[in-house]
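# Structural overview
Each chain, written out:
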Amino acid sequence: DRNQGSSSPSPVSLYRYHIIRGTQTSASISIQPNRIRVCGNASTANGTLVLGSNSTLSVGSATTPANVYIGLNTTGAASATGLLDARQGSAVIRANEFNLGYAAASTGAATGVLRWNRTTPIVANAFYLSRGVGSGTLDLASGSTFNLNTSFLRLAYNDSNSAAGSALANLN
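This is a predicted model, so every value here is computed, not measured.

## Focus on the overall build of the protein chain
- Along its length, the protein chain carries 0 helices and 12 strands.
- For the protein chain, the succession of helices and strands along the chain, N to C, is β-β-β-β-β-β-β-β-β-β-β-β.
- Expressed as a percentage of the 172 residues in the protein chain, the buried residues total 37%.
- Nonlocal contacts in the protein chain, meaning residues at least 24 apart in sequence, comprise 83% of its contacts between residues at least 6 apart.
- As displayed, the protein chain offers around 9,500 Å² of accessible surface, 47% of which is attributable to carbon and sulfur atoms.

## A few points about the side chain of Asn 67
- If you trace the backbone, Asn 67 turns up in strand E5 (residues 66-73).
- On the accessibility criterion, Asn 67 (17% relative accessible area) is buried.
- There is a polar contact of 3.2 Å between the side chain of Asn 67 and the backbone nitrogen of Glu 97.

About the thresholds
- Each chain has its residues counted from 1, running along the sequence as written.
- Reporting in this predicted model follows two pLDDT cut-offs: at least 70 for local features of residues, and 80 or more for side-chain atom pairs to be given and counted; totals over whole chains, interfaces and linings ignore these cut-offs and use all residues.
- Side-chain descriptors were evaluated using all non-hydrogen atoms of the structure, hydrogens and water having been removed beforehand.
- Numbering of helices and strands runs from the N terminus; a helix is a DSSP stretch of H or I covering at least four residues, while a strand is a stretch of E covering at least two.
- Relative accessibility thresholds used throughout: buried, under 20% of the residue-type maximum; exposed, over 50%; partly exposed, between the two (1.4 Å probe, protein chains only).
- Here, residues are in contact when the closest pair of their heavy atoms is within 4.5 Å.
- To be clear on the numbers: accessible area is Shrake-Rupley with a 1.4 Å probe, and residue cover counts the displayed protein chains and nothing else.
- Whenever a nitrogen or oxygen atom comes within 3.5 Å of another N or O atom, the pair is scored as a polar contact, on the condition that within protein one atom can donate a hydrogen and the other can accept it, and that pairs from neighbouring residues in sequence are kept only if both atoms are in side chains.

Okay, here's the thing in structure tokens:
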């Protein structure tokens with residue numbers, strides 16, 4: 001017995017990874033890590049997070065902003081694709097860095113897509129739309145407004161240390 005005769009259960013520690021499976025009609029997600037990724041490092045990686053009409057997504061806090069990566073490839077191999085569709089439900093994002101399409105190496109590819117149609121601003125110390133040799137797309141609904149509270153807005157920012165690198169920023 002791990003509780004040594006105690007009547008209370010032992011605590012379970014969830015370090016950084018949460019898996020949500022199944023169909024949710026109402027979900028609330030509060031994420032307070034130092035980093036969130038939609039996709040990741042692999043020869044080919046694809047990640048998608050779509051909020052439903054009753055969903056709530058809260059990332060970071062005013063005192064502990066998160067690093068957000070949507071479409072991240074740091075291996076330099078193959079490709080990575082990430083999609084965050086926050087057109088439904090509620091989303092509050094407080095980030096240190098918000099990266100939309102970030103390929104850190106001089107080879108490989110990363111594509112990040114953010115679908116957004118809300119008046120709540122994304123608060124980020126730095127916002128990158130296409131970083132390294134990555135490609136980022138900000139997909140806004142017709143007639144919608146995108147509010148961004150940031151100190152640094154960097155579009156097609158190539159810091160991959162590759163003379164041959166390129167980045168593409170698409171605002172639809």
